[in-house]
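# Architecture at a glance
Spelled out from the first residue to the last, the chains are:
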Amino acid sequence: MGQIKVKGKMQRVACINDNRVVARAVRYSTVKADELVTYAANSSHIPESTLRACTLAIREAVSYFVLNGHHVNLGKFGILGIRSKQKSAVDPEQVKAGLVKRVTIGFTPSTEIKQAIAAMRIQTEV
């Protein structure tokens, strides 16, 4: 089970025009790809060089499929795919690439991850 810490910070809340203490999750450092591979190699007893090559190939494959319009199911983590915002048109002949306002990468967490988040312990940091 996971655990996060929250810390209170005084700030102005515009919608009620008052100062309140707002709880925010404490953000830790970003784990680098090399650290992730090293940890996984030690945990799985797979040589780090082999795992590094596999990781690079998987990243390349995910990038290839997502950037070509596919959604990629990452198993218990969730699904990655392209999301877009576009304007509408009155008839099909008006549909052009210029109607697309924004393209982003979307992530939809799996049910398993959603349940793990719901079960996560939240600890207050003073």
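Here we summarise the structure given alongside this text. Per-chain numbering applies: the sequence of each chain, read as written, is numbered from 1 onward. Only residues with pLDDT of at least 70 get local features here, since the model is predicted, and only at 80 or more are side-chain atom pairs given and counted; chain-wide, interface and lining totals rely on the full set of residues. Computation of side-chain values: all heavy atoms of the structure, hydrogens and water removed.

### Some thoughts on the pattern of salt bridges
Selection rule: A pairing counts as a salt bridge when a side-chain nitrogen of Lys or Arg comes within 4 Å of a carboxyl oxygen of Asp or Glu. Secondary structure elements follow DSSP: runs of H or I of four or more residues count as helices, runs of E of two or more count as strands, with numbering from the N terminus.
As enumerated under the stated definition, the model contains three salt bridges in all. A salt bridge links aspartate 34 to arginine 52; the shortest N-O distance between them is 2.8 Å. A residue pair is termed long-range when its members are at least 10 positions apart, and aspartate 34 in helix α1 (residues 33–44) and arginine 52 in helix α2 (residues 48–67) qualify at 18 residues. Between glutamate 48 and arginine 52 there is a salt bridge whose closest N-O contact spans 2.6 Å. Here glutamate 48 pairs with arginine 52, and both are found in helix α2, just four residues apart, close to one helical turn.

### Description of the packing of α1 against α2
As a reminder of what qualifies: Lines fitted to the C-alpha atoms define the axes, with helices restricted to the stretch that makes contact. Angles between their N-to-C directions range from 0 to 180 degrees. Small angles under 35 degrees read as roughly parallel and large ones over 145 as roughly antiparallel, with 65 to 115 read as roughly perpendicular and the rest as oblique. Helix crossings get a hand from a simple test, with the near helix turned counterclockwise from the far one by less than a right angle marking a left-handed crossing and a clockwise turn marking a right-handed one. Throughout, a contact is declared for two residues whenever any of their heavy atoms are within 4.5 Å. Amino acids are sorted into nonpolar (Ala, Val, Leu, Ile, Met, Phe, Trp, Tyr, Cys and Pro), charged (Asp, Glu, Lys and Arg) and polar (every other residue, Gly among them).
Running from N to C, α1 and α2 point in directions that differ by 125°, and their axes come no closer than 9 Å. Taken together, the axes of α1 and α2 lie oblique to each other. Between α1 and α2 the crossing geometry is right-handed. For the pair α1 and α2, the contacting residues are Ala33, Asp34, Val37, Thr38, Ala40, Ala41 and Ser44 in the first and Glu48, Leu51, Arg52, Thr55 and Arg59 in the second. A per-class count over the contact of α1 with α2 returns five nonpolar, three polar and four charged.

### Regarding α2
Keep this limit in mind: What a helix is expected to span follows from its residue count: subtract one and scale by 1.5 Å. Categorising residues by exposure relies on relative accessible area from a 1.4 Å probe, with only protein chains included: less than 20% of the type maximum marks a residue as buried, more than 50% marks it as exposed, and the intermediate range marks it as partly exposed. This arc is built from the directions going out from the helix axis to the C-beta atoms.
Under the 1.5 Å per step criterion, the end-to-end length of α2 is 28 Å for 20 residues, consistent within 8% with the ideal 28 Å. Looking at α2, one finds that the buried residues are Leu51, Val62 and Val66. Buried residues of α2 fall within an arc of 30° about the axis and therefore sit on the same side. Those residues of α2 that are exposed and aimed more than 90 degrees away from the buried face are Ser49, Glu60, Tyr64 and Leu67. As for α2, its buried residues are in contact with α1, β3 (72–73), β4 (78–86) and β5 (100–109).

### A closer look at the sheet that holds β3
Put simply, the rule reads: Any two strands with at least two DSSP-identified bridges between them are counted as paired.
A sheet is described by the order of its strands in space; here three strands give the open sequence β3-β4-β5, paired in antiparallel fashion. Whereas interior strands pair on both sides, the edge strands pair on one side only; in this sheet they are β3 and β5. The sheet contact formed by β3 and β4 spans two bridges and is antiparallel. By the bridge assignment, valine 72 is partnered in β4 with leucine 80. Contacts from α2 reach β3, β4 and β5, with the element oriented near 35° to β4.

### Some points on the side chain of serine 110
Let me state the cut-off plainly: Whenever a nitrogen or oxygen atom comes within 3.5 Å of another N or O atom, the pair is scored as a polar contact, on the condition that within protein one atom can donate a hydrogen and the other can accept it, and that pairs from neighbouring residues in sequence are kept only if both atoms are in side chains.
The residue serine 110 is located in the loop between β5 and α3 (111–118) in this model. By relative accessible area, serine 110 is classed as buried at 14%. A polar contact of 3.2 Å, which involves the side chain of serine 110, links it to the backbone nitrogen of isoleucine 113. What serine 110 contacts, discounting residues up to four positions off in sequence, is Gly75, Lys76, Phe77 and Gly78.

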